[in-house]
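Chains, contacts and geometry: an overview
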Amino acid sequence: MTELGVEDRSHSCAALEAEFFADRALIIAANRGPVSLERASDGSIQFQRGGGGLVTALIGLCHHTSDATWVACARTETDTEWQEGHITLDEGTAIDVHFISPDEAAYEGYYNVIANPLLWFLQHSMWDVPRAPVIDRATWQAWDEGYKAINCEFAEAIAGHVKGTSRPTLVMIQDYHLYLVARYLRSGLRRRQRPTTLHFVHIPWPGPEYWRILPPAMRQDILNGLCAVDVLGFQTREDGQNFLRTCESMLPRASVNYRRSRVWYRNHATHVRDFPISIDVGALRQMVLSEEVAQHRSELKDIVGDRRLILRIDRIEPSKNIVRGFLAFEELLELHSGWRGRLQFLALLVPSRLDVDEYRHYLDDLMATAGRVNAKYGDSEWEPVRVLVGDSYPRAVAAMELYDVLLVNAIADGMNLVAKEGPIVNERDGVLILSERAGARQQLEPGALVVSPCDVFATAEALHQALEMPAKERRARAERLRWLIEREDIADWLCRQLEAVVELGL
Ligand code: GDG
């Protein structure tokens, strides 16, 4: 696609969104809401819109219809008090925000037992099966009274809105927290009331062999839930194929058509598609120009000095494979001793789910590994691995400008947005090292150095190759990456979903 092609595509996407929602209502269902609410000192409820490309993109869709609702789980007391009401954002977008408020035990079971870690670990192939997971009475209770109950509450809230509008409705369901919603919704509404449902799964979908970790009743419920969706979206073709294989293997009464990428089950067709998610390229470039980013840039330049920068940016999350990243760096310093003293490995790590044991232990492990590498190779002048823990998106963006090598070596990742943000922002023709198990590989492989995430030796060699790469090749790869990312940004992700609904005549 030429530059003009990119612009043409974005105009046609905007036109499609406007036309699509001219006579339709939109309901978004996601674990998180689009705004965070706070009670001000005068007693009024104030709101702040959530950050991140996904929320921004979905709010952008709401702009096209006068009938937009966002159903989410309450996270604070103020959310619970709010329950439901209209919010008008700065740019005039009006959204009906509806918080469902499960009790604490139900939420704990739904979120901290089933969604994270059980489903998250399973879908990222991270269970150490001889030891875990242990599915006991408490897990079953969390399944029935947490996950199923909250999915049912979501469906009831959505059904209420569907019944309350006279327009045809598109329900966009997000992610692994809500696998059962579409089935509950289908059984709770009469045929002619039923909305079109589009469920997007942000994380990998492994093959049936992994799903066997779950007891039959749980996996049946999940597949039964997803086979009630009209359009089921995954990050990659491989995820979609894995879903079809899982249905074929575990739903004996389902008819799976690989050519049409469709499952026919209980008198209903589920169309399986891949919609690789992306970033808001324009908004990111705008952010680079901000004062906040400039301040972080200068602080980071002081840390890096005239050394070459290897960067990683992740949530503190075992699937991101942070420990093996440090081990690969250690191997690099061992094998190619000429790099000692000349490199800075910077890890910007965002705290995440630290109330789950596995995550706390992982933080301990990665700090210990970084400490060991520093003790082995560092001295009073040089701290080879700098780990900065904290939540600062502007700092992350500033660091992306400066890297020579960006390391994304996830064990498994739905997409990995850092791999798409880095090349857009980077000023040094930095090289992207990308795990073959990150969804981003499907699009970015031509410009990246691809590694197998457990292979620490090959990752070390890829680091060396990236650092030694001639300037001409680095530039060509960086340009290739930018081109690949610009042509399919977040607007394209949404557009492809609406196009699928239109093409299927739903
Ligand atoms: C899940 C899937 C899929 C960086 N530092 C901070 C910060 N960031 C930004 C990054 C990036 C985002 O957070 C992280 O996105 P990822 O895609 O890398 O990873 P997950 O959080 O695991 O996202 C993933 C994604 O959903 C979308 O479908 O790509 O595979 O796992 O934009 O630059 N954000 C904040 N503070 C920081 O310090 N708030």
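Here the residue numbers are simple positions, counted from 1 along each chain's written sequence. Predicted model: local features are reported for residues with pLDDT of at least 70 only, side-chain atom pairs are reported and counted for 80 or more only, and whole-chain, interface and lining totals are derived from all residues. Note that water and hydrogens are dropped before the side-chain values are worked out from all heavy atoms of the structure.

1. Focus: the environment of Lys163
Note the following rule: Only DSSP runs of H or I covering at least 4 residues are called helices, and only runs of E covering at least 2 are called strands; the numbering of each starts at the N terminus. In what follows, residue pairs with any heavy atoms lying within 4.5 Å of each other are defined as contacts.
Residue placement: Lys163 occurs in helix α5 (residues 137-163). A C-alpha to C-alpha distance of 56 Å links Lys163 and Leu463, two positions 300 residues apart in sequence. Setting aside residues up to four positions removed in sequence, Lys163 forms contacts with Gly188, Leu189 and Gln193.

2. Remarks on a negative patch on the surface
What counts, and what does not: Patches here are clusters of residues that have more than 30% relative accessible area and form no salt bridge, with a 9 Å joining cutoff for like charges and a 5 Å cutoff for nonpolar side chains (Val, Leu, Ile, Met, Phe, Trp, Tyr). For the accessible areas, the method is Shrake-Rupley and the probe is 1.4 Å, while residue cover comes only from the protein chains on display. A pair is scored as a salt bridge if a Lys or Arg side-chain nitrogen falls within 4 Å of a carboxyl oxygen belonging to Asp or Glu. For the purpose of charge, His is not counted, nor are the chain termini; Lys and Arg are scored as positive and Asp and Glu as negative. Throughout, a charge is located at the NZ atom of Lys, the CZ atom of Arg, the CG atom of Asp or the CD atom of Glu.
Taken together, the side chains of Asp103, Glu104, Glu108 and Asp355 present a region of like negative charge at the surface. Turning to its location among the elements, Glu104 is positioned in helix α4 (residues 104-123).

3. Quick word on the packing of helix α12 (residues 322-335) against helix α13 (residues 357-377)
When two helices pack together, their arrangement is captured by the angle between the axes and the distance separating the axes. Filter applied, for reference: Interaxial angles span 0 to 180 degrees and are taken between N-to-C directions of axes, which are lines fitted to C-alpha atoms, for helices over the stretch in contact. Here is the rule for angles: anything less than 35 degrees is roughly parallel, anything more than 145 is roughly antiparallel, 65 through 115 is roughly perpendicular, and the remaining ranges are oblique. Any residue outside Ala, Val, Leu, Ile, Met, Phe, Trp, Tyr, Cys, Pro, Asp, Glu, Lys and Arg is labelled polar, Gly included; the first ten of those are nonpolar and the last four are charged.
The contact between α12 and α13 brings their axes to 9 Å, and the two run at 10°. When the interaxial angle is binned, α12 and α13 end up roughly parallel. The residues of α13 that touch α12, namely those facing Ile322, Val323, Phe326, Leu327, Phe329, Glu330, Leu333 and Glu334, are Tyr362, Asp365, Leu366, Thr369, Ala370, Arg372, Val373, Lys376 and Tyr377. Across the contact of α12 with α13, the residue classes tally to 11 nonpolar, 1 polar and 5 charged.

4. What to know about the side chain of Ser435
As a reminder, the rule being used: Each residue is placed in one exposure class: buried if its accessible area under a 1.4 Å probe, protein chains only, is under 20% of its type's maximum, exposed if it is over 50%, and partly exposed if it falls in between.
Residue position: Ser435 is located in strand β17 (residues 431-435). A relative accessible area of 0% places Ser435 in the buried class. Non-local contacts of Ser435, meaning those with residues more than four positions away in its chain, are made with Val408, Asn409, Ala410, Arg441, Val450, Val451 and Pro453.

5. A word on the nonpolar core
The test is simple: Residue types Ala, Val, Leu, Ile, Met, Phe, Trp, Tyr and Cys, when buried and joined through side-chain atoms within 4.5 Å, form a set referred to as a nonpolar core.
Counting residues in each nonpolar core, the largest one holds 75 residues, and the members touching the most others are Trp70, Leu170, Leu311, Leu432, Leu434 and Leu444. In terms of residues, this core owes the most to one element, helix α19 (residues 490-503), which gives 7 residues. Those residues in contact with Leu311 that sit more than four places away from it in its chain are Leu346, Leu348, Ala399, Met400, Tyr403, Val405, Leu406 and Leu407.

6. Overview of the pairing of strand β9 (residues 231-234)
Which entries qualify depends on this criterion: Pairing between strands requires that DSSP locate at least two bridges from one strand to the other.
Alternating residues of β9 divide into Val231 and Gly233 and Leu232 and Phe234, and every residue in both groups is buried. Two elements, strand β8 (residues 196-200) and β9, share 3 bridges in a ladder whose sense is parallel. Bridging across to β9, Phe200 finds its partner in Gly233. Pairing between β9 and strand β12 (residues 268-274): 4 bridges, direction parallel.

7. Comments concerning the sheet that holds strand β16 (residues 405-408)
Strand order in the open sheet made by the 6 strands is β15-β14-β13-β16-β17-β18, with parallel pairing throughout. Two strands bound the open sheet, and with one partner strand each, they are β15 (385-389) and β18 (449-451). Taking each pair of neighbouring strands and ignoring which way they run, the sheet shows an average axis angle of 20°. Sheet analysis places β17 next to β18, joined by 3 bridges and oriented parallel. Its bridge partner being in β18, Leu434 is matched across the sheet by Val450. Here α12 sits on the sheet in contact with β13 (308-315), β14 (343-350), β15 and β16, set at roughly 175° to β14.

8. Describing the side chain of Ser261
Here Ser261 is to be found in the loop between β10 (255-257) and β11 (262-265). Excluding its chain neighbours within four sequence positions, the residues that come into contact with Ser261 are Leu244, Thr270, His271, Val272 and Arg273.

9. Points about the site of the ligand
Here is the rule: We call a residue near a molecule or strand when any one of its heavy atoms sits within 4 Å of it. The definition of a polar contact used here is a pair of N or O atoms within 3.5 Å, where within protein one atom must be able to donate a hydrogen and the other to accept one, and adjacent residues in sequence count solely through side-chain atom pairs.
As a structural note, the neighbourhood of the ligand is formed by 21 residues, with His202, Asp391, Ser392, Asp413 and Glu421 the closest of them. Interatomic distance of 3.0 Å between a backbone N/O atom of Gly414 and an oxygen atom of the ligand. Leu417 is positioned with one of its backbone polar atoms (N or O) 2.8 Å from an oxygen atom of the ligand. The protein chains hide 78% of the 730 Å² of surface that the ligand would expose on its own. Counting residues per element, the ones that place at least two in the shell around the ligand are β13, α14 (393-402) and α15 (418-425). At 3 residues, α14 tops the list of elements feeding residues into the shell around the ligand.

10. As for the packing of aromatic side chains
Aromatic ring pairs are described here by two measures, namely the spacing of the ring centres and the angle between the planes. Our working rule: Pairs were defined over the aromatic rings of Phe, Tyr and Trp, the Trp ring being its six-membered one, requiring ring centres within 6.5 Å. Orientation was assigned from the angle between planes: stacked under 30 degrees, edge-to-face over 60, tilted for the rest.
Scanning the entire structure with this criterion turns up 17 aromatic pairs. Aromatic side chains Phe121 and Trp127 sit 4.8 Å apart centroid to centroid with 45° between the ring planes, which places their arrangement in the tilted category. This pair shows no difference in class: Phe121 is buried, exactly as Trp127 is. With 5.6 Å between their ring centres and 40° between their planes, Phe234 and Phe243 make a pair best called tilted. An identical accessibility class is assigned to Phe234 and Phe243; each is buried.

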